[in-house]
Amino acid sequence: MEKGLVSVDRWTEGSQAYFLTHLHSDHTQGLSSTWSRAPIFCSRITAKLFPFKFPDFNLSLLRVVDVGFWYSLSLVFPSSASRTTVEFMPIHAHHCPGAVMFLFRGDFGWMLYTGDFRWEANSERAQLGRTTLLNALKGHRLDVLHLDNTYCNPSYDFPPRSVAAQQVVDIIVSHPEHDIIIGIDTLGKEELLLRISRLLKTKIWVWPERLQTMHLLGFHHIFTTKTTLTRIRAVPRYSFSIDTLEELNKKCPTIGIMPSGVPWLMKPSDGADNLFGSLLTSHYKKRQGSTSGRLQNGKFKDNIKPVDGRHRYIYSVPYSDHSCYAELQEFIELVQPISMKGIVSSSCCYVDPVYYFGRLCGGSKPLERLSDKQEKEDGSERVVAPEMKSCLVSAKSTNTDRKRKTGKGGSTGIHALRRVRRGAKIIQNDFSADSLES
């Protein structure tokens, strides 16, 4: 896709429409309450949580889109100033509340931006996501796949979240006299906490801001800010530390649980510096029979134990909201991209997905582009999901439709784009307070 049409989770100037996959901070850097450049397309849940993260944001700039439906944008190619239609569909990413992938199609071909996602092949919701994606593609291969490559390394082999969640429950049950501290982010891991609450029939403490988020998500009776009502507390990840746990243990026996795809690293209590491993060297060993992970004779199977025995108070459990290596491979084999790029480039864990999965890309199968399809058929076959929803965006300018150069890079096109200024004006506004209630 030509630069200057759309941006996904990137908030610099120059695009005509912007897309937000989810509300984690590493995907909103550059976005603020004063945003005014262009509309932002996001899921219904993300829109509902948006004012809490960005107070005083102009909500008229949000465009709520529903999973599994095609939407249409009328934009302008920056290189030629000619109009083009970009269609897109949000698809569940199964990462955190409101997280979606965006599938794009148009004269440029087909492109999928996964954002952060978890592709658990055996889960019911992943099967639904698979069906939605395959129905949308209808046999087309992706031109470009922008992939969540957070754990793009064969060393990362962790179990489904349901298994890891049960391991957390087993740790709690095995410490009946202990208070429990669980490190979480400001959004995500809700399903883990709900499972703990349901199986152990208890409320869970969260900090006040997190309680507001839980209420916005519809969880009104499971979480509390009263420490007297429960021994299980979900705390901000940044406050999860050895020092905190040691201080708590002076008052009451306490253990900490860190649910994460990366083993939680800490400085050992004896101060030995050689145990400061980088995330790159702290890999999981592949587990045998990793579908279990239950307690046996007071000990955990599958190597689930205090991290390398470095501290008696801490357990690291491989509960991840990102896809592991095997799941990434299964996903790439499913969508068969012509080319592929990783969306994570600044982490010390970064691995270019082409390094491991480049053999699965490319091929001689020709891609049937949207313009070719429409030339061959009388009717436009635009609806590959149950319905095409209207969300038209046009680049509006009194001078835009004047005579333009058809070649790329012409100065006429550049000046026309400048006249468009913001590049896109929403014709139809389907955002309202009522539209968030679902």
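Residues numbered from 1 in each chain as written. Predicted model: local features only at pLDDT ≥ 70, side-chain atom pairs only at ≥ 80, totals over all residues. Heavy atoms only, no water.

As annotated in an unreviewed UniProt entry, the protein carries the name Protein artemis and is attributed to Erythroxylum novogranatense. Under Subcellular location (unreviewed entry), UniProt gives the following word-for-word description of the protein: "Nucleus". UniProt lists a comment for the protein under the heading Sequence similarities (unreviewed entry), and it reads "Belongs to the DNA repair metallo-beta-lactamase (DRMBL) family." (UniProt positions renumbered as here; feature names shortened; annotations may be inferred.)

(A) Local environment of the nonpolar core. If you look at the biggest cluster of nonpolar residues, it comprises 47 residues, and the most contacted ones within it are Ile40, Phe50, Phe57, Leu103, Leu145 and Phe331. No other element matches helix H7 (residues 325–335), which puts six residues into this core. Each residue touching Phe331, except ones within four places of it in the same chain, is listed here: Met101, Leu112, Thr114, Phe117, Trp119, Leu133, Leu145 and Leu147. If you look at the next biggest cluster of nonpolar residues, it comprises 35 residues, including Val168, Ile196, Met214 and Ile257. (Core = buried A, V, L, I, M, F, W, Y, C linked by side-chain atoms within 4.5 Å. Buried < 20%, exposed > 50% of the residue type's maximum accessible area, 1.4 Å probe, protein only. Helix = DSSP H or I, 4+ residues; strand = E, 2+ residues; numbered from the N terminus. Contact = heavy atoms within 4.5 Å.)

(B) View of the environment of Phe104. Here Phe104 shows up in strand E7 (residues 100–106). Measuring from C-alpha to C-alpha, the distance between Phe104 and Tyr71 comes to 9.5 Å, with 33 residues separating the pair along the chain. Residues in contact with Phe104, not counting those within four places in the same chain, are Met1, Val6, Val8, Phe19, Val86, Glu87, Phe88, Gly109, Trp110 and Met111.

(C) Up close: the sheet that holds strand E6 (residues 83–92). Ordered in space as E5-E6-E7-E8-E9-E18, the six strands form an open sheet in which the pairing is mixed. With partners counted over all chains shown, the strands left at the sheet margins are strand E5 (71–76) and strand E18 (339–342), one partner each. Direction aside, the axes of adjacent strands within the sheet are offset by 20° on average. As defined by bridge partners, strand E9 (residues 144–147) adjoins E18 across four bridges and the pair is classed as parallel. Each bridged residue has a counterpart across the sheet, and for Val144 the counterpart in E18 is Ser339. Contacting E6, E7 and strand E8 (109–113), helix H2 (residues 124–137) runs over the sheet at an angle of about 160° to E6. Of the strands in this sheet, E7, E8, E9 and E18 touch H7, which is tilted by about 160° from E9. (Pairing = 2+ DSSP bridges. Axes fitted to C-alpha atoms, helices over the stretch in contact; angles between N-to-C directions.)

(D) Highlighting the sheet that holds strand E3 (residues 40–42). Pairing is parallel in the open sheet, where four strands are placed in the order E1-E2-E3-E4. The open sheet has two edge strands with one neighbour each: strand E1 (6–8) and strand E4 (62–64). The mean angle between the axes of side-by-side strands here comes to 25°, regardless of whether they run parallel or antiparallel. Sheet topology places E1 next to strand E2 (residues 17–19); three bridges connect them, and they run parallel. In the strand pairing of E2, Val8 is matched with Phe19.

(E) Layout of the confidence of the model for the protein. The share of residues in the protein with pLDDT of 70 or more is 71%, and the mean pLDDT across the chain is 77. Here residues 266–310 is a poorly scored stretch, pLDDT under 50, and it has 89 contacts once near neighbours within four places are set aside; other chains count. Note on residues 390–438: pLDDT under 50 across the span, and 93 contacts to partners over four residues away in sequence or across chains. (pLDDT = per-residue confidence, 0-100.)

(F) Representation of H2 within the structure. Between its first and last C-alpha, H2 extends 20 Å over 14 residues, near the 20 Å set by a 1.5 Å rise per residue. Listed in full, the buried residues belonging to H2 are Ala126, Gly129, Arg130, Thr132, Leu133, Ala136 and Leu137. Down the axis, H2 shows its buried residues gathered within 165° of arc, on one side only. Seen from the buried face of H2, the exposed residues on the opposite side, beyond 90 degrees, are Glu124 and Leu128. (Expected span 1.5 Å × (residues − 1). Arc of directions from axis to C-beta.)

(G) Focus on the packing of aromatic side chains. Per the stated rule, a full pass over the model turns up 24 aromatic pairs. A ring pair is formed by Trp11 and Tyr18, whose centres lie 5.9 Å apart and whose planes are at 15°; its orientation type is stacked. We classify Trp11 as buried; its relative accessible area is 4%. The interplanar angle of 80° and the centroid separation of 4.8 Å between the aromatic rings of Phe19 and Phe88 together place this pair among those described as edge-to-face. One end of the pair, Phe19, is in strand E2; the other, Phe88, is in strand E6, with 69 residues separating them in the sequence. Both residues of the pair, Phe19 and Phe88, belong to the buried class. (Phe/Tyr/Trp six-rings, centres within 6.5 Å; stacked < 30°, edge-to-face > 60°.)

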